[in-house]
Amino acid sequence: MKRKTLFWAALFALLALAGAAVYALRGGGTAAVVTLDGKEVDRVNLAAVAVAFERTYRSERGWNTVRFSPGGVAVVDADCPGHDCMEQGEITDGAIPIVCLPHRLVIEIKE
Amino acid sequence: MSKTKKLVVMALLTAVELTIWVIEGQIPPPIPVPGVKLGLASVVTLTAMVLLGRREAGCILLMRILLGSLFAGSFSAVLFSLAGGAVSWAVMSALKGLFPEKLLWVVSVFGAIGHNVGQLLAAVAVTGTPGLFWYGPALLAAAIVTGAFTGVGAMYLIRALRAYEEKRG
């Protein structure tokens, strides 16, 4: 039993480390890419942003106002019911994208 | 366990799971990454699966998701929750019999991984952005940590509930 516990603990630790490594390696990038319903609709080079500005993306499902600032991007306003995208705050790396499920909006940071 | 008692226990566990879920949603997450949540409510699902059975645990989980969305007031989250919950439940149901109870936390880890896989699949299907799969590894790492934590929590809860039941006779 002890050996089995150790086996699983070691296996999961390895998997978690591998996952974290891939996450860390993919962290870079300066381009904020906005995807609406699977199609890229906007791409902003965050390294070139000197003063933060906002843009609103609309579709028949609703709208999201996105703030692009030097090195980061965040959803600051939206008419979706959950506001998960706003609660996430600003993302500054490619680790986890902002996803607004009801509006099918995805914001990622890429190379 | 009589039918009535089982029903009462299931209702109680649903209320407990719902309460934990609502409260956890109000606490700022330890890591500010969406989709990375401790998922404390799954302690109850896993406990119900061991003490009552797979179907009963599925009922409790489904009720918690539906009632939870009512409390949280957003329908899009239901889809996410259902996708995660369904895969997680299926994985844990399949694996529960294959592992001894001392390794219940392993079942919990696989359940947590299943939960995140389900949510990722739902996100990709809804947004039509296959690039989201790149976030799988990060979610995998998170699921292992949170799954182990909730699994150990469930093991303690099961032990405590059994001891209580024995004392009462």
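Quick note: structure is the one above.
Residues numbered from 1 in each chain as written. Chains lettered and ligands numbered in written order. Predicted model: local features only at pLDDT ≥ 70, side-chain atom pairs only at ≥ 80, totals over all residues. Heavy atoms only, no water.

### A short note on the overall build of chain A
Here's step 1: For chain A, the count of helices and strands is two helices and seven strands.
Here's step 2: The order of α-helices and β-strands along chain A, N terminus first, is α-β-β-β-β-β-α-β-β.
Here's step 3: In terms of principal-axis extent, the alpha carbons of chain A reach across some 55 × 30 × 25 Å.
Here's step 4: Burial analysis of chain A (111 residues in total) assigns 41% to the buried set. (Helix = DSSP H or I, 4+ residues; strand = E, 2+ residues; numbered from the N terminus. Buried < 20%, exposed > 50% of the residue type's maximum accessible area, 1.4 Å probe, protein only.)

### With respect to the interface of chain A and chain B
Here's step 1: Every contact between the two is made by 29 residues of chain A and, on the other side, 29 residues of chain B.
Here's step 2: Buried surface at the junction of chain A and chain B, summed over both partners, amounts to about 2,600 Å²; 79% is from carbon and sulfur atoms.
Here's step 3: Summed over the three residues of chain A that lose the most area to chain B, namely A:Trp8, A:Phe12 and A:Leu101, the buried surface amounts to 25% of that side.
Here's step 4: Inspection of the chain A/chain B interface yields two residue pairs in polar contact (both at pLDDT 80 or more).
Here's step 5: If one sorts the elements of the side of chain A that touches chain B by residue count, helix H1 (residues 2-25) of chain A sits on top with 11 residues.
Here's step 6: Residue composition of the side of chain A that touches chain B, grouped by class: 17 nonpolar, seven polar and five charged. (Contact = heavy atoms within 4.5 Å. Buried area = accessible area lost by both parts, 1.4 Å probe. Polar contact = N/O pair within 3.5 Å; in protein donor to acceptor, adjacent residues only side chain to side chain. Nonpolar A, V, L, I, M, F, W, Y, C, P; charged D, E, K, R; others polar.)

### What about the sheet that holds strand E1 (residues 31-36) of chain A?
Residue and element names in this part refer to chain A.
Here's step 1: Here four strands make up an open sheet; going across it, the order is E2-E1-E7-E6 and the pairing antiparallel. Where the open sheet ends on each side, the last strands, each with one partner, are strand E2 (39-45) and strand E6 (98-100). For this sheet, the mean inter-axis angle between neighbouring strands, taken without regard to orientation, is 15 degrees.
Here's step 2: As paired strands, E6 and strand E7 (residues 105-110) are joined by three bridges and run antiparallel to one another. For isoleucine 98, the partnering residue across the bridge sits in E7 and is isoleucine 107. (Pairing = 2+ DSSP bridges. Axes fitted to C-alpha atoms, helices over the stretch in contact; angles between N-to-C directions.)

### With respect to a nonpolar patch on the surface
Here's step 1: Together, A:Phe7, A:Leu11 and A:Leu15 give the surface a local cluster of nonpolar side chains, amounting to about 240 Å² of exposed area.
Here's step 2: For A:Phe7, the location among the structural elements is in helix H1. (Patch = residues over 30% accessible without salt bridge, like charges linked within 9 Å, V, L, I, M, F, W, Y side chains within 5 Å. Areas by Shrake-Rupley, 256 points an atom, 1.4 Å probe, with all protein chains shown as cover. Salt bridge = Lys/Arg side-chain N within 4 Å of Asp/Glu carboxyl O.)

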